Amino acid sequence: MPFSGSDGVWNTCSDGECKNFRIVHFIVPRERDCHDIYNSLLQLSKQAKYEDLYAFSYNPKQNDSERLRGWQLVDLAEEYKRMGLPNSNWQLSDANRDYKICETYPRELYVPRIASKPIIVGSSKFRSKGRFPVLSYYHQNKEAAICRCSQPLSGFSARCLEDEHLLQAISKANPANRYMYVMDTRPRHRMQSWWATQKDIGRIIVRISSKIWNDKKIRESDGKKRLNAMANRAAGKGYENEDNYSNIRFQFVGIENIHVMRSSLQKLLEVNGTKGLSVSDFYSGLENAGWLRHIKAVTDAAIFLAKAIMVENASVLVHCSDGWDRTSQVCSLGSLLLDPYYRTIRGFMVLIEKDWISFGHKYSDRCGHLDGDPKEVSPVFTQFLECVWHLTEQFPQAFEFNEAFLLQIHEHIHSCQFGNFIGNCQKEREELKLKEKTYSLWPFLLHDQKKYFNPLYSSTSQKLAVLEPNTVSFNFKFWRNMYHQFDRTLHPRQSVFNIIMNMNEQNKQLQKDVKDLESQIKQHKNKQTDGVLTKELLKSVRPESPALKTSLCLKEQTLLPVKDALRTVEGSSPADNRYSEYADEFSKAEPAVVSSEYGVARMTC
Amino acid sequence: MEFSELIRTGQAQAELLRGPEMPPLRGTLCVTGHHLLLSPGPQATPDLWLLLLRSVDSIEKRVAGDAGTITLRCKDLRVLQLDIEGVEATLDIARSIEALSSLESVITSFPFFYRPKGLRLGESWHFHPPERYYKRVARETRAWRLSEANEDFSLCPSYPRAVIVPRAVDDDALARSARFRQGGRFPVLSYYHAPSGTVLLRSSQPLTGPQKRRCTEDEELLQAVLAGARPGARGFIVDTRSAQAAKQARMTGGGTEAKSAYPGWKRLHRPLERGRPLQESFVHLVEACGDLEQSMDRWLSRLDGCRWLSHVKEALSTACLAAQGMEWEGACILVHGAEGTDSTLLVTSLAQLILDPLSRTMAGFQELIEREWIQAGHPFQLRCAHSAFSHTRPKHEAPIFLLFLDCVWQLGRQFPLSLEFGEGMLLALFDHSYASPFGTFLCNSEKERCLCEVRTRTHSLWSGLNQPKEQRKLRNPLYAPNPLAIWPSVEPQSLRLWQGLFLRWTHPPEPSEVAWEKVWQIATDQEKTEGSQPTDSASEPQP
């Protein structure tokens with residue numbers, strides 16, 4: 001297990017709690033050894049510099065050209081070409097070629113053809129961290145685009161003509177629709193509470209905004225939203241002034257910030273870690289944690305985005321504060337709904353590479369790869385994976401990959417075994433020379449892709465071209481296989497996916513056999529050989545297949561392909577089940593029937 | 001009595017709305033003795049839409065202008081809306097439905113008139129569960145016998161004619177023991193666990209009363225059970241009430257077995273919810289499931305508040321306890337609550353599913369339900385008189401059987417390959433237990449069924465379900481026999497709301513149905529290709 005995966009270590013009995021939600025107990029006979037191990041673990045799990053991470057010493061015995069090919073597997077230039085770019089409205093901008101305009105953006109960015117370099121530079125000065133509006137996804141049929149940026153630094157009354165120009169350019173780049181949407185993914189009530197503390201400014205805002213209210217017809221947004229936007233503008237950061245941007249519709253969707261998400265997940269894990277948890281505690285815990293509510297909010301935002309493009313043909317600009325957390329979630333999830341390509345194994349890799357890695361989601365900070373500010377850690381990407389999982393649950397046939405694929409990716413954003421997720425932006429990654437010193441995860445996943453195939457995937461279904469998920473509350477469930485991935489006692493004892501996969505494989509094999517046999521029969525017929533020979537031949541090629549089916553289903557199946565699984569026959573021990581506490585009543589007469597250590601995940605590798 | 005007296009109006013023009021995903025139907029609405037019919041006009045599809053009036057749980061009418069609306073809430077949790085032309089017609093139809101759906105007489109109910117094509121009346125009741133089961137037990141052990149002491153239902157009105165009892169106990173002793181148990185339900189064999197040679201028994205509470213009465217025959221009966229199992233075997237009495245509730249029952253004549261009177265037996269209390277609280281839990285859950293607009297937090301707090309999943313957890317873990325006692329402790333288990341017709345049966349039948357691979361097959365499961373629920377005297381007619389939408393105050397209604405089906409569903413979710421039947425079977429059982437054209441779930445006991453001549457005058461549900469055309473809906477395509485016990489996880493994280501039932505109509509899971517169809521296709525493809533090889537080789541030898 002790579003050390004960088006460890007989240008917290010306690011001295012009590014040398015328990016380790018890992019970021020992949022695995023809890024490991026080491027039982028060390030001597031107390032001094034225990035302390036030593038504890039201290040080493042503590043140090044090793046919090047590296048001070050990148051070069052100490054596992055990826056820099058991991059060596060899968062590949063030569064340099066293989067390594068390079070691995071890194072070239074996901075090629076974003078290729079991806080933009082697939083979207084149909086550049087075209088008459090969009091072009092590749094070289095403005096950020098040397099990371100001069102925005103350090104956290106990639107070198108290659110697509111912008112509207114009519115947006116000149118001065119406009120881009122001007123707009124970037126107006127946007128937080130220089131993250132000006134750029135293209136994230138282009139919908140070829142609708143000629144509409146998903147764009148992303150960070151919040152404007154508009155100040156109380158400031159405006160930026162270049163920024164307004166750039167937005168107009170984005171709007172004009174879509175010939176099908178006159179207006180575009182600007183989606184602010186931040187929740188309203190946060191701004192309200194802030195506003196409440198700033199009463200003086202608040203009063204002014206009320207006056208101004210009521211003036212606007214009277215002056216101009218309110219389009220989509222209600223007055224409250226407008227007030228909040230004004231409130232934030234007063235802080236020097238915030239929202240675009242609607243009056244300065246014509247043909248733009250503003251939409252607010254409430255996704256909470258990274259701190260809320262972090263504590264939400266912590267609460268969730270606390271609830272689940274409780275031994276002897278009652279159903280009631282579990283559901284009130286789920287409710288208090290609010291985790292599922294956040295998942296729903298992210299999904300709802302993505303649905304709004306997808307609908308704006310599909311139904312209204314409108315381009316959408318998405319931003320949050322810095323434009324690398326919630327913005328990444330919404331843009332990538334929206335693209336996933338719109339484009340079936342991203343629902344394939346390879347396409348999903350491209351999507352992560354594009355919307356997350358290249359646009360500067362701060363993996364190292366958010367996953368706490370190094371010993372850094374704990375306030376920067378937040379499960380933003382985990383949340384994205386969970387949203388995708390919910391979609392796979394609702395549309396079992398729409399995804400080429402299965403749950404194990406998502407879990408494996410989650411494993412590796414924390415493991416630091418591969419270079420993909422190290423660092424916070426492309427510039428940093430280049431400085432670290434990751435492509436020369438570490439390996440890319442994607443070829444390894446592709447190599448094992450058999451494990452990650454969804455046997456029910458139907459690539460041709462027209463109905464599943466654009467997904468329209470239903471976000472009624474019932475549809476959001478606790479993702480047991482993520483948060484109890486290593487707790488074998490809680491898993492379904494038999495995996496449907498595996499068995500269907502095997503059936504599928506066997507079907508293919510059998511059909512091939514049938515074909516072979518038929519062609520052999522034909523040959524023999526042509527040769528006019530006698531029937532006896534044919535019969536013998538047939539017998540000799542008959543494969544020995546179906547035994548597999550029964551033998552497999554008796555095994556317990558873990559979702560993650562573990563190298564050497566400690567597999568037992570299902571239900572072989574009631575100690576594996578947590579109701580064994582009841583058995584205490586039996587064992588008063590006959591002790592030591594049931595181990596008291598139920599519910600403790602054992603290490604299997 | 002004539003149905004025609006209750007039918008106020010023959011027919012009316014109406015439009016039927018069946019939820020968001022289904023197209024509305026227009027046509028002539030017609031009330032008959034047992035059904036509500038909607039016959040679309042000649043231009044539309046020729047299919048008749050048909051609803052068994054018995055499955056109507058509650059009815060609401062509203063009139064506005066010269067049209068009216070009737071909302072029918074069905075026992076299978078469906079909600080239907082009928083828009084009817086004419087105020088008078090609306091009121092008349094509503095009154096007719098109300099009167100006809102609440103008829104209590106068994107012998108005028110639809111099963112007595114239902115004569116489907118392809119089924120013959122005499123052939124349909126092939127089950128003789130106690131007798132058949134006794135044959136299985138007798139193959140393994142000589143310690144038990146089939147007693148016909150209850151031939152005329154005089155010992156216990158809610159038991160079948162034949163029961164399996166220890167060989168060492170004669171019929172007179174049974175009669176005395178029966179007098180010591182509530183409703184005459186003396187301890188009988190429910191399941192013989194061959195691998196460990198232990199048994200699962202069920203009964204009702206002993207009538208110890210405030211004077212702490214005893215009954216020698218009852219004590220001897222339980223002694224004989226231990227003696228018949230293996231030397232030195234211990235026994236556990238699983239009481240499905242809390243210790244306090246069991247103590248309180250003494251005041252009303254009931255109680256529990258005294259420790260000193262039953263050496264070798266130890267009492268365990270596992271309180272399970274029953275009766276009105278369980279019915280209310282069901283009602284609240286269904287209410288919560290009907291609200292599509294609620295926020296995440298509201299939904300989770302309602303799911304928590306209705307406590308349904310807690311009941312599922314308790315039922316499953318009590319069944320696991322009983323099963324574990326037999327399989328791992330080598331102990332005999334006696335399960336009882338108060339009457340021994342509700343939670344007792346829940347525990348014994350679930351324990352068998354966990355331990356016995358045969359009961360997980362299609363035929364075995366049907367036999368289990370016939371033996372452990374229908375013949376064992378679960379009062380279906382009382383318990384399933386109304387479902388979750390009824391406005392009347394529940395008297396005897398309780399969704400114990402539904403709780404059982406939910407637990408089985410949880411087992412099937414955790415062991416998706418080990419049950420031969422699928423979710424469709426469980427849904428069918430739920431629907432039929434509340435309203436059915438078949439006679440299987442009629443009446444409260446075998447005695448009542450004999451009086452009503454259910455066996456000779458109605459069709460059995462099993463013969464209906466076992467027709468080949470029904471199989472694809474009911475079977476689990478992934479089934480592979482599993483000879484081992486299946487121990488479910490009862491942690492809250494492992495239990496899930498049974499969406500297929502509680503959200504069946506509000507929220508049709510279309511994509512997953514298509515996916516399921518694909519699973520079927522893969523499974524049958526495999527059977528086909530596997531099967532086609534030998535025939536290929538057999539048919540091709542001649543040049």
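Heads up: the structure comes first, above all this text.
Throughout what follows, the structure given in this document is the object of discussion. All values reported here derive from a predicted model rather than from experimental measurement.

## Description of the overall build of chain B
Counting its regular elements, chain B contains 19 helices and 14 strands. For 543 residues, the compact-globule estimate of 2.2 N^0.38 gives 24 Å, and chain B sits close to it at 25 Å. Overall, the C-alpha framework of chain B stretches about 80 × 75 × 55 Å when taken along its three principal axes. Counting only residues that meet the buried cut, chain B has 59% of its 543 residues in that class. A fraction of 71% describes how many contacts in chain B between residues 6 or more apart in sequence connect residues 24 or more apart.

## Notes on the pairing of strand 6 (residues 134–139) of chain A
Residues and elements named next belong to chain A. Taken across its 6 residues, strand 6 has 6 buried, putting it largely inside the fold. Two strands pair when backbone bridges link them, and strand 6 and strand 7 (residues 144–149) are joined in this way by 5 bridges, in the antiparallel orientation. Of the residues in strand 7, the one forming a bridge with Val134 is Arg148.

## A closer look at the sheet that holds strand 3 (residues 35–40) of chain B
Sheet strands pair via backbone hydrogen bonds, and the direction of the pair is either parallel or antiparallel. All names here are of chain B. With respect to topology, 7 strands assemble into an open sheet ordered 4-3-2-1-7-6-5, the strand pairing being antiparallel. Each having just a single partner strand, strand 4 (49–52) and strand 5 (56–64) make up the two edges of the open sheet. Strand-to-strand twist in this sheet, taken as the mean axis angle between neighbours without regard to direction, amounts to 30 degrees. Examined bridge by bridge, strand 2 (residues 25–31) and strand 3 share 5 bridges and lie antiparallel to one another. Residue Leu29 lies in a different strand from strand 3, and its bridge partner there is Leu38.

## Topic: the nonpolar core
The tendency in soluble globular proteins is for nonpolar side chains to be buried side by side. Phe348(A), Ile352(A), Phe365(B), Phe404(B) and Phe502(B) are the most contacted members of the largest nonpolar core, which totals 248 residues. No other element matches helix 11 (residues 291–310) of chain A, which puts 12 residues into this core. What Phe348(A) contacts, discounting residues up to four positions off in sequence, is Leu336(A), Tyr341(A), Tyr342(A), Phe384(A), Leu385(A), Val388(A), Phe401(A), Phe405(A), Leu406(A) and Ile409(A). Listed in part, the 24 residues of the second largest apolar core include Val56(B), Leu72(B), Leu82(B) and Ala89(B).

## Quick look at the sheet that holds strand 6 of chain A
All names here are of chain A. If you walk across this open sheet you meet the 5 strands as 6-7-10-8-9, and the pairing is mixed. Of all the strands in the sheet, just strand 6 and strand 9 (248–252) have a single pairing partner and so form its edges. Across the sheet, the mean angle from the axis of one strand to that of its neighbour is 20 degrees, orientation sign disregarded. Most of the contacts of helix 12 (residues 326–338) go to strand 7, to which it runs at about 165 degrees, and overall it touches strand 6, strand 7, strand 8 (180–184) and strand 10 (316–319).

## With respect to the side chain of Lys362(A)
Residues and elements named next belong to chain A. Within the secondary structure, Lys362 sits in the loop between helix 13 (345–358) and helix 14 (363–367). Its relative accessible area of 14% is what places Lys362 among the buried residues. Separated by 2.9 Å, the side chains of Lys362 and Glu376 make a polar contact. Setting aside anything within four residues of it in sequence, one finds Lys362 in contact with Trp324, Glu376 and Asn424.

Rules of the game
- Residues numbered from 1 in each chain as written.
- Chains lettered and ligands numbered in written order.
- Predicted model: local features only at pLDDT ≥ 70, side-chain atom pairs only at ≥ 80, totals over all residues.
- Heavy atoms only, no water.
- Helix = DSSP H or I, 4+ residues; strand = E, 2+ residues; numbered from the N terminus.
- Rg over C-alpha atoms; globule rule 2.2 N^0.38 Å.
- Buried < 20%, exposed > 50% of the residue type's maximum accessible area, 1.4 Å probe, protein only.
- Contact = heavy atoms within 4.5 Å.
- Pairing = 2+ DSSP bridges.
- Axes fitted to C-alpha atoms, helices over the stretch in contact; angles between N-to-C directions.
- Core = buried A, V, L, I, M, F, W, Y, C linked by side-chain atoms within 4.5 Å.
- Polar contact = N/O pair within 3.5 Å; in protein donor to acceptor, adjacent residues only side chain to side chain.

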